[in-house]
Every structure is written in structure tokens, then in C-alpha cells.
Amino acid sequence: MFKNLFNRNEEKPLEVPQDWVFYICRVEDKPASIRINLALDQMAPIENYDKRIWFSVKLKDPDENGFTSKEEFPKICEIEDTIIDALTPKGAIMVGALKTDGTFDLYLYVKNTNGYDEIIKSVMTKNHQEYQYAFDFKEDKEWDDYFNFLYPNEYEYQSIQNHKILIQLDKHQDNPEMEREIDHWLYFDSEGNRENYITEVQQIGYKILSKDKQTKDAEKPYQLNISRMNNTIDIDGYVWELIQIGKKHNADYDGWGCPIAK
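Notes on the structure follow.

With respect to the packing of aromatic side chains
Stage number 1. Per the stated rule, a full pass over the model turns up 12 aromatic pairs.
Stage number 2. Arranged with centres 6.3 Å apart and planes meeting at 15°, the rings of Tyr151 and Tyr157 form a pair that is stacked.
Stage number 3. Classification of Tyr157 by relative accessible area gives partly exposed; the value is 30%.
Stage number 4. These aromatic residues form a ring-pair network of at least three members: Tyr109, Trp143, Tyr146, Phe147, Tyr151 and Tyr157.

Written out as C-alpha cells, the structure reads:
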């Protein structure tokens with residue numbers, strides 16, 4: 001799915017892929033909720049979009065975690081919509097949002113910042129006078145705020161992927177409490193590292209389904225497929241354990257799959 005963002009200085013719209021996800025983490029040791037367009041990691045940093053806009057609004061009624069309360073949520077959604085609807089026609093690319101410590105922040109990238117301050121002020125003055133807000137601009141050619149602040153770490157990223165699979169299983173009326181054989185795939189840079197990994201995971205109940213070597217050029221051509229009987233309720237824990245063991249053997253974890261259990 002693509003969304004067209006028109007820039008007044010361009011004849012053609014910029015096509016931006018969409019893969020919006022959210023995850024829970026901590027920012028400055030406080031609970032945080034981040035929403036990010038993961039699809040942008042395949043094209044960022046986008047040429048000429050080297051200015052970052054940060055917009056923040058102070059919540060009036062945050063919950064105990066510093067997030068939006070049920071009562072205030074619709075109003076914060078309205079603020080987001082009006083800001084985004086005002087900025088994207090001028091060429092801004094929305095990349096992420098953050099809720100933490102009683103604030104709601106938006107992150108966007110633009111070619112230049114001319115006129116954006118007046119647009120933000122106008123939107124907030126006309127529509128949301130009761131809210132305190134702040135914004136700033138900075139040069140960010142490498143999209144550091146996207147990749148090194150908003151972007152999930154290895155474990156958070158895999159949790160997001162796990163959740164996507166769980167959603168698909170739920171659509172097929174899967175029973176997450178039922179154990180079934182869950183397959184995992186990993187890749188290694190050497191046969192020795194793969195064998196050392198096998199020795200370690202066999203000790204915690206995994207069996208080897210297949211070992212292969214890719215014929216195409218690859219940094220880690222040695223493939224491994226393993227499985228163990230588990231339910232999917234604690235899938236994050238199982239996956240994180242395999243990733244942690246893999247770090248000792250220079251492995252890349254590449255996902256899991258399982259049959260539907262009813």
C-alpha cells in the first residue's frame with residue numbers, strides 16, 4: 001500500500017510504502033509507546049529530505065504510564081490528524097510518533113522547513129488552543145532520529161514480527177495455549193558456528209529439521225531449521241532465548257512458523 005505525498009516543487013508525487021507498527025519500550029527510563037513506519041527503512045534516508053520536524057503536545061490527562069487516557073485519546077488523535085493533514089500536502093513525510101511521560105510527539109522529514117512553523121502555529125491556534133505544544137527543526141541527513149531513536153532494537157523488532165504472525169493465527173481461530181511444533185530459521189557465517197549453536201539448543205529441547213547452504217553470495221550462507229514443542233503464548237521469550245544464544249555464534253535469527261492448533 002502506498003500513500004502519495006505531493007511536493008509543490010515536484011511534478012510527481014513521492015511514493016512512500018506503509019508498514020505502520022507500534023511497540024512498548026522505555027525512553028529515559030520511563031514507559032513509552034512508539035509507532036513507526038517500518039517500511040521506510042528500505043528507502044531511508046531519502047535524498048533531499050534531510051530536515052527533521054519534531055512536534056510535541058502536552059497531555060492534559062495522562063494515565064498512570066504517561067500515555068493517553070481513554071477519555072483524552074480521541075482529542076489527541078484529532079490533533080495528530082489536523083497537524084498531519086496540514087503538513088503532508090507541503091511535502092512532509094510522517095515517520096513516527098511517541099507517547100511518554102505525559103507527552104505525544106510526532107516526527108516528520110522535509111526538504112526544507114520554510115513555512116512549517118507558521119502552519120503548526122495556525123493549526124494549534126485555530127483548533128486546539130487549550131493545549132500546550134512545542135516544535136523544533138534540525139538537520140538530520142542520516143535520519144538518525146528514525147534509525148537510532150524511533151526504530152526498534154533487535155528484540156523489539158522481533159516482537160513486532162511475532163505479533164504479526166499471532167494476528168494471522170488468531171484469524172484462523174488458533175488456540176495459543178495448545179502446544180505444537182514451532183519451527184525457527186537461522187543463518188550462520190560458518191559451519192562451525194552452526195554446529196556449536198546446534199549443540200547448545202539441543203540441550204534445551206530443540207531438534208534439527210534441516211541444515212543447508214545457500215548457493216548465492218551471502219554473508220551468512222549456512223541455514224539451520226530447528227523446532228520444539230511449545231505454545232505461542234510465550235513466543236517472545238522463546239525467540240529471544242534463541243537470539244541470545246545466536247549472538248554467541250554469530251547467527252542471524254530469521255523468523256518462525258507453526259501449524260494452526262485448535
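From this point, the narrative continues.
Here we look at the nonpolar core
Across soluble globular proteins, nonpolar side chains show a tendency to be buried alongside one another.
Stage number 1. Counting 24 residues, the largest nonpolar core has Ile36, Leu40, Ile93, Val95, Trp143 and Tyr146 as the members making the most contacts within it.
Stage number 2. Going through the elements one at a time, strand 2 (14–17), strand 3 (20–27), strand 4 (30–37), strand 6 (93–100), strand 7 (103–110) and helix 3 (144–150) are the ones with two or more residues in this core.
Stage number 3. The element that contributes the greatest number of residues to this core is strand 3, accounting for 4 residues.
Stage number 4. The residues contacting Leu40, other than those within four sequence positions of it, are Val16, Ile46, Ile93, Met94, Val95, Trp143 and Tyr146.

As for the side chain of Ser69
Stage number 1. Looking at the secondary structure, you find Ser69 in the loop between strand 5 (51–58) and helix 1 (73–87).
Stage number 2. Here Ser69 falls in the buried class, since its relative accessible area comes to 8%.
Stage number 3. Setting aside residues up to four positions removed in sequence, Ser69 forms contacts with Asp61 and Asp63.

Brief notes about the pattern of salt bridges
Stage number 1. Tallied over the entire structure, the rule returns 17 salt bridges.
Stage number 2. Lys30 is the partner of Asp101 in a salt bridge, and the nearest nitrogen-oxygen pair spans 3.2 Å. Remark: Lys30 occurs in strand 4 and Asp101 occurs in the loop between strand 6 and strand 7; sequence separation between them is 71 residues.
Stage number 3. You can call Asp101 partly exposed: its relative accessible area is 48%.
Stage number 4. When the shortest N-O distance is used, the salt bridge between Glu195 and Lys211 registers 3.0 Å. Of this pair, Glu195 sits in helix 5 (residues 191–202) while Lys211 sits in strand 10 (residues 207–213); the two residues are 16 residues apart in sequence, bridging distant segments of the chain.
Stage number 5. For Glu195, a relative accessible area of 29% gives the class partly exposed.
Stage number 6. Classification of Lys211 by relative accessible area gives partly exposed; the value is 44%.

Thoughts on the sheet that holds strand 10
Stage number 1. Reading across the sheet, the 4 strands line up as 10-11-9-12 and stay open at both edges, with antiparallel pairing between neighbours. In the strand order of this sheet, the two ends are held by strand 10 and strand 12 (251–257), each with one partner. Neighbouring strand axes in the sheet, compared pairwise and without regard to direction, differ in orientation by 20° on average.
Stage number 2. In terms of strand pairing, strand 10 meets strand 11 (residues 222–230) through 6 bridges, oriented antiparallel. Each bridged residue has a counterpart across the sheet, and for Asp212 the counterpart in strand 11 is Gln223.
Stage number 3. Seen against the sheet, helix 5 touches strand 9 (180–188), strand 10 and strand 11 and runs at an angle of roughly 10° to strand 11.

Thresholds applied
Residues numbered from 1 in each chain as written. Predicted model: local features only at pLDDT ≥ 70, side-chain atom pairs only at ≥ 80, totals over all residues. Heavy atoms only, no water. Phe/Tyr/Trp six-rings, centres within 6.5 Å; stacked < 30°, edge-to-face > 60°. Buried < 20%, exposed > 50% of the residue type's maximum accessible area, 1.4 Å probe, protein only. Core = buried A, V, L, I, M, F, W, Y, C linked by side-chain atoms within 4.5 Å. Helix = DSSP H or I, 4+ residues; strand = E, 2+ residues; numbered from the N terminus. Contact = heavy atoms within 4.5 Å. Salt bridge = Lys/Arg side-chain N within 4 Å of Asp/Glu carboxyl O. Pairing = 2+ DSSP bridges. Axes fitted to C-alpha atoms, helices over the stretch in contact; angles between N-to-C directions.

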